[in-house]
Amino acid sequence: MNLIVFLKMVPDTVEELKIASDGKTLDPDWLRMKANENDEHAVEEAVILKEKYGGTVTLVTLDAPEVDEAIYTALAKGCDKAVKILGDWQNFTSPAIAEVFAKYLKENNLIDSKTLILTGSQATDDIEGELVYYLGEYLELPVYGVVTYVQYNENKNNILIRKEFSGGLRGEFEVELPAVLGIQAAENPPRYVPIAKIRAMMKSANIEELEFTQDFASKGIEIEKLYEPEVAGKAVMLEGNPEEIATKIVEILTDKGLI
Amino acid sequence: MNNSVIVLVEHLRGNIVDITYEMLGVGKKIAQHLNVPLLALVIGKDVSKLTPNLGLADSVLLLDDEKLEITPPQLTAKLVENVYKQKQASILLLACTNITAGVGPILARRLDLPFINFCKTFRFENGDLFLTSQLYGGKILSEVKLIDNKGIVGIYPGSFPLDAGKSDRTAPVEELEVPDFVPEPSFKKYIEPELGDIDITKENILVSVGRGIQNKDNIEIAEELAEAIGGAVSASRPVVDQGWLPLTRQVGKSGMIVKPKLYLALGISGAPEHQEGMKNSETILAINTDPKAPIFNIAHYGVVGDLFEIVPILTEKLKQRKG
């Protein structure tokens, strides 16, 4: 299989997020970037498929802070090749990024009959949030999202996929290749790679760097303003040392007749 | 043109999903403001029986066919696109759910319209519709103005009241012709949820763990608390994706919707997808190191602190209490 994975960097939401003085973007000085979690699952699924059915995995990313570490990690996990599209992509949202990826693939004739393109099912860093479907549309290929399982049938050159609905219910679909998939979770959790292996990759591996025009039709939606949600103030906050807090919790649960 | 507002009705296996009523309620208000009819579009197999529930709409549009049981997003989009053009619609509301995922972006691209996903609230100002979406795991809200009041809006489940979308009246139904382009279904079958050792939807007390539990070995801390308190352990998505707990323990959008008497959220940030599955719990107590974790917005009791320091003491106290 010709497996191509798109990975993008997103702000780590575990960190504090500060809104910039324009009121419309996040202050980049406060951001710690990390690979979009669903995209990491897409990397894992691609490597699993390569191990099962053979082929190569090409990782494609946009230039962003910390992206090199994400790339070397993906290479250490089993991606064969990495491409970084240079430029300042910070304010580009899903439709525009999808257009960039699609142009790259088309202009370089990278899609053949055995191509499966994988990326994360969603990201929470822009209003459109679902890059994978824009990508399917730009490439004019079948696209399915919220995928948690992929099986390749070499004779028919198609894939059987499972998509999540809700309440644990899933559905099975049969899809011709080439196709585009949004991965929600890989068949197995993303594998752990030791730091030493990632460091070795940094020394030996080569990231292909690519210049690219930024003149695109779709720039995404203009945001009027960003703001932090008002804390509902509903929660009674318990304070003290761990001992005191544990005592308070027991009191509350007793009062409410829960224990 | 600006001649209607359309709600794409969400249903699964012969039942209307609650988000449909949320969308109808929102759609009605927007339609009234724009002074246009509200249309409810139902696409599926054997869906004509659903129409009596859609009385809030001014009319119901039905695309009912064997081949339409579960349609992939590009096909759904193509069907909706036809209707959108035919009815000269301005705003299309659809559900921000796994079932409908993808239809919004595909339509936005094909109709050259903006797509605003994750929508939580809306307001009109000087005739313009402003929509608020939650981003970054619920930590930041963004407001967008819908230019010319035209676009596709993904409504986040649990954001609007259900009652506002229900009505006793019956709406006229228009059966639409199923277009020739509908192919043989790619949908093959459903895969039922696995039955676990424990049904978390039936537990009175859930000790739920999130990313903050850090690794598989630490799950034991939650197990011990669950045993002392008489509950079961559940989890948010990252914990299940890491393989630390089985899928049957997952609370949230793709997992289970739970409503226990007590929900203890340990190291769970409370992303919207998780809140969807537990926010109606009777009592929610959250422990998290991040004071800005969205879980505190819906918790009844909150502790900004380290679960590894607090939980073992709590477990010990509960054990002593039991004697």
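What you see is a predicted model, and the numbers here were worked out from it, not measured in a lab.

**Quick word on the overall build of chain B**
Within chain B, the secondary structure is distributed over seven helices and 17 strands. Computed over the C-alpha atoms, the radius of gyration of chain B is 22 Å, within 12% of the 20 Å expected from 2.2 N^0.38 for a compact globule of 323 residues. Considering only C-alpha atoms, chain B reaches an extent of 70 × 45 × 35 Å along its principal axes. In chain B, which comprises 323 residues, the proportion classed as buried is 61%. By sequence separation, contacts in chain B at least 24 residues apart represent 64% of the contacts at least 6 residues apart.

**Things to note about the sheet that holds strand β5 (residues 81–85) of chain A**
Sheet strands pair by backbone hydrogen bonding; their relative direction is either parallel or antiparallel. Across the sheet, ten strands lie side by side as β11(A)-β5(A)-β4(A)-β1(A)-β6(A)-β10(A)-β7(A)-β8(A)-β9(A)-β12(B); this open sheet has mixed pairing. Both outer strands of the open sheet, β11 (207–210) of chain A together with β12 (187–191) of chain B, are each paired with one neighbouring strand and no more. Adjacent strand axes in the sheet meet at a mean angle of 30°, parallel and antiparallel pairs treated alike. Taken together, the seven bridges between strand β8 (residues 158–164) of chain A and strand β9 (residues 170–176) of chain A define a ladder with antiparallel strand orientation. Across the sheet, residue A:Glu164 finds its bridge partner in β9(A), namely A:Arg170. Its contacts with the sheet put helix α2 (residues 67–77) of chain A on β1 (2–7), β4 (56–62), β5 and β11 of chain A, and the angle it makes with β5(A) is roughly 160°. In this fold helix α3 (residues 94–107) of chain A packs onto β1, β4, β5, β6 (115–120) and β11 of chain A, with an angle of close to 135° to the strand it touches most, β4(A).

**As for the packing of helix α6 (residues 242–255) of chain A against helix α7 (residues 307–322) of chain B**
Following both chains from N to C, one finds α6(A) and α7(B) inclined at 50°, their axes separated by 9 Å at the closest point. Taken as axis vectors, α6(A) and α7(B) run oblique relative to one another. Here the hand of the crossing between α6(A) and α7(B) comes out right-handed. For the pair formed by α6(A) and α7(B), the contact residues are A:Pro242, A:Glu243, A:Ile245, A:Ala246, A:Thr247, A:Ile249, A:Val250 and A:Thr254 on the first element and B:Glu309, B:Ile310, B:Ile313, B:Leu314, B:Lys317, B:Leu318 and B:Arg321 on the second.

**Considerations on the side chain of B:Glu22**
Residue and element names in this part refer to chain B. Take Glu22: it is sitting in helix α1 (residues 19–34). Notably, Glu22 is buried but unbridged: the nearest opposite-charge side chain belongs to Lys279, and the N-O separation is 6.7 Å. A polar contact is formed between the side chain of Glu22 and the backbone nitrogen of Ser159, at a distance of 3.0 Å. If we skip the residues at most four places from it in the chain, Glu22 touches Tyr156, Pro157, Gly158, Ser159, Phe160, Pro161 and Leu162.

**Structural notes on the nonpolar core**
Counting 58 residues, the largest nonpolar core has A:Ile85, A:Phe101, A:Ile117, A:Leu135 and B:Leu41 as its most contacted members. Excluding residues that lie within four positions of it along the chain, A:Leu135 makes contacts with A:Phe6, A:Ala98, A:Phe101, A:Ala102, A:Ile117 and A:Val180.

**Quick look at the domain arrangement of chain B**
Buried accessible area, meaning the area lost when the parts come together, often serves as the stated size of an interface. All names here are of chain B. In terms of domain boundaries, chain B breaks down into domain 1 (4–175) and domain 2 (200–322). With centres defined by C-alpha atoms, the gap from domain 1 to domain 2 works out at 33 Å. Each partner contributes to the roughly 810 Å² buried at the junction of domain 1 and domain 2, and carbon and sulfur atoms together form 48% of this total. Its largest share of buried area at the contact with domain 2, domain 1 owes to Asn98, Lys139 and Tyr156, together 51% of the area lost on that side. Linking domain 1 with domain 2 are one salt bridge, by the criterion used here. In this structure, Asp290 and Lys139 form a salt bridge, with 2.7 Å as the shortest nitrogen-oxygen distance. Taken together, the links from domain 1 to domain 2 amount to seven residue pairs in polar contact (both at pLDDT 80 or more). Here the residues of the side of domain 1 that touches domain 2 sort into three nonpolar, six polar and one charged.

**Observations regarding the interface of chain A and chain B**
Taken residue by residue, the interface counts 76 residues in chain A and 80 residues in chain B. Interface area for chain A against chain B, summed over the two sides, is near 7,100 Å², with a carbon-plus-sulfur share of 61%. Summed over the three residues of chain A that lose the most area to chain B, namely A:Ile127, A:Glu137 and A:Arg170, the buried surface amounts to 9% of that side. Linking chain A with chain B are eight salt bridges. B:Arg110 serves as the salt-bridge partner of A:Glu137, at 2.6 Å between the closest nitrogen and oxygen. Across the contact surface, chain A and chain B share 38 residue pairs in polar contact (both at pLDDT 80 or more). If you list the elements that add at least two residues to the side of chain A that touches chain B, you get α1 (37–53), α4 (131–139), β7 (143–153), β8, β9, β12 (225–227), β13 (236–237) and α6 of chain A. Ranked by residue count, the leading element in the side of chain A that touches chain B is α6(A), at ten residues. A breakdown of the residues in the side of chain A that touches chain B according to their chemical character gives 41 nonpolar, 14 polar and 21 charged.

**Some details on unusual backbone geometry**
Residue A:Pro178 is reached from A:Leu177 by a cis peptide bond, and omega for that bond is -5°. On the secondary structure map, A:Pro178 appears in the loop between β9 and β10 (179–183). Here B:Asn126, not a glycine, exhibits a phi torsion of approximately 50°, which is positive. With respect to the element layout, B:Asn126 can be found in the loop between β7 (115–125) and β8 (128–135). Judged by its relative accessible area of 76%, B:Asn126 falls in the exposed class. For B:Gln214, which is not a glycine, the phi torsion comes out positive at approximately 75°. The topology assignment puts B:Gln214 in the loop between β13 (205–209) and α4 (219–229). What makes B:Gln214 exposed here is its relative accessible area of 53%.

**A word on the sheet that holds strand β14 (residues 232–235) of chain B**
Spatially, the six strands line up as an open sheet ordered β13(A)-β17(B)-β16(B)-β15(B)-β13(B)-β14(B), and their pairing is parallel. Since the sheet does not close on itself, it has two edges, and those belong to β13 of chain A together with β14 of chain B, each with one partner. As paired strands, β13(B) and β14(B) are joined by four bridges and run parallel to one another. Within β14(B), the residue paired with B:Val209 across the bridge is B:Ala235. Across the sheet, α6(A) lies against β15 (262–266), β16 (283–288) and β17 (301–304) of chain B, angled at about 170° from β17(B), the strand it touches most.

**Some words on helix α3 (residues 103–111) of chain B**
Residue and element names in this part refer to chain B. Here α3 lies mainly inside the structure; seven of its nine residues are buried. Residues of α3 that are buried: Val103, Gly104, Pro105, Ile106, Leu107, Ala108 and Leu111. Trailing α3 by a residue or two, Asp112 shows a phi angle of about 55°, which is positive.

**Brief notes about a negative patch on the surface**
A contiguous patch of negative charge on the surface is contributed by B:Asp217, B:Glu220, B:Glu223, B:Glu224 and B:Glu227. Along the polypeptide, B:Glu223 turns up in helix α4.

Criteria and thresholds
Per chain, residues are indexed from 1 in the order of the written sequence. All chains are assigned letters beginning at A, and all ligands numbers beginning at 1, according to the order in which they are written. Local features in this predicted model are restricted to residues whose pLDDT is 70 or higher, and side-chain atom pairs enter the listing and the counts only when it is 80 or higher, whereas totals over whole chains, interfaces and linings include all residues. Where side-chain values are given, they derive from all heavy atoms of the structure, hydrogens and water being excluded. Think of it this way: any DSSP run of H or I at least four residues long counts as a helix, any run of E at least two long counts as a strand, and we number them from the N terminus. When we talk radius of gyration, it's over C-alpha atoms, and the globule rule is simply 2.2 Å times the number of residues to the 0.38. Between buried and exposed lies partly exposed: a residue is buried under 20% and exposed over 50% of the maximum accessible area for its type, with that area taken using a 1.4 Å probe on protein chains only. Residue contacts are defined here by distance: any two heavy atoms, one from each residue, within 4.5 Å place the two residues in contact. Strand pairing follows a simple DSSP-based rule, namely that at least 2 bridges must link the two strands. In this description, a line fitted to the C-alpha atoms serves as the axis of each element, helices being fitted only across the stretch in contact, and the angle between N-to-C directions of two axes falls anywhere from 0 to 180 degrees. An angle below 35 degrees is read as roughly parallel, one above 145 as roughly antiparallel, one from 65 to 115 as roughly perpendicular, and any other as oblique. A clockwise turn of the near helix away from the far one marks a right-handed crossing, whereas an anticlockwise turn of less than a right angle marks a left-handed crossing. Residues scored as charged are limited to Lys and Arg (positive) and Asp and Glu (negative), so that His and the chain ends carry no count. Whenever Lys or Arg places a side-chain nitrogen within 4 Å of a carboxyl oxygen from Asp or Glu, that contact is recorded as a salt bridge. Contacts described as polar in this section are N or O atom pairs within 3.5 Å, which, within protein, must combine one atom able to donate a hydrogen with one able to accept it, while residues neighboring in sequence count only if both atoms come from side chains. As used here, the term nonpolar core means buried Ala, Val, Leu, Ile, Met, Phe, Trp, Tyr and Cys residues forming a set that is joined through side-chain atoms within 4.5 Å. Residue ranges for the domains originate in an automatic or database domain assignment. Throughout, the accessible surface (probe 1.4 Å) given up by two parts as they are put together, summed over both, is called the buried area. Amino acids outside the nonpolar list (Ala, Val, Leu, Ile, Met, Phe, Trp, Tyr, Cys, Pro) and the charged list (Asp, Glu, Lys, Arg) are all regarded as polar, and Gly is one of them. To count toward a patch, a residue needs a relative accessible area above 30% and no salt bridge. Like charges then connect within 9 Å, nonpolar side chains (Val, Leu, Ile, Met, Phe, Trp, Tyr) within 5 Å. Surface accessibility follows the Shrake-Rupley procedure with a 1.4 Å probe radius. Residue values consider only the protein chains on display as shielding. Note on charges: their place is set at NZ of Lys, CZ of Arg, CG of Asp or CD of Glu.

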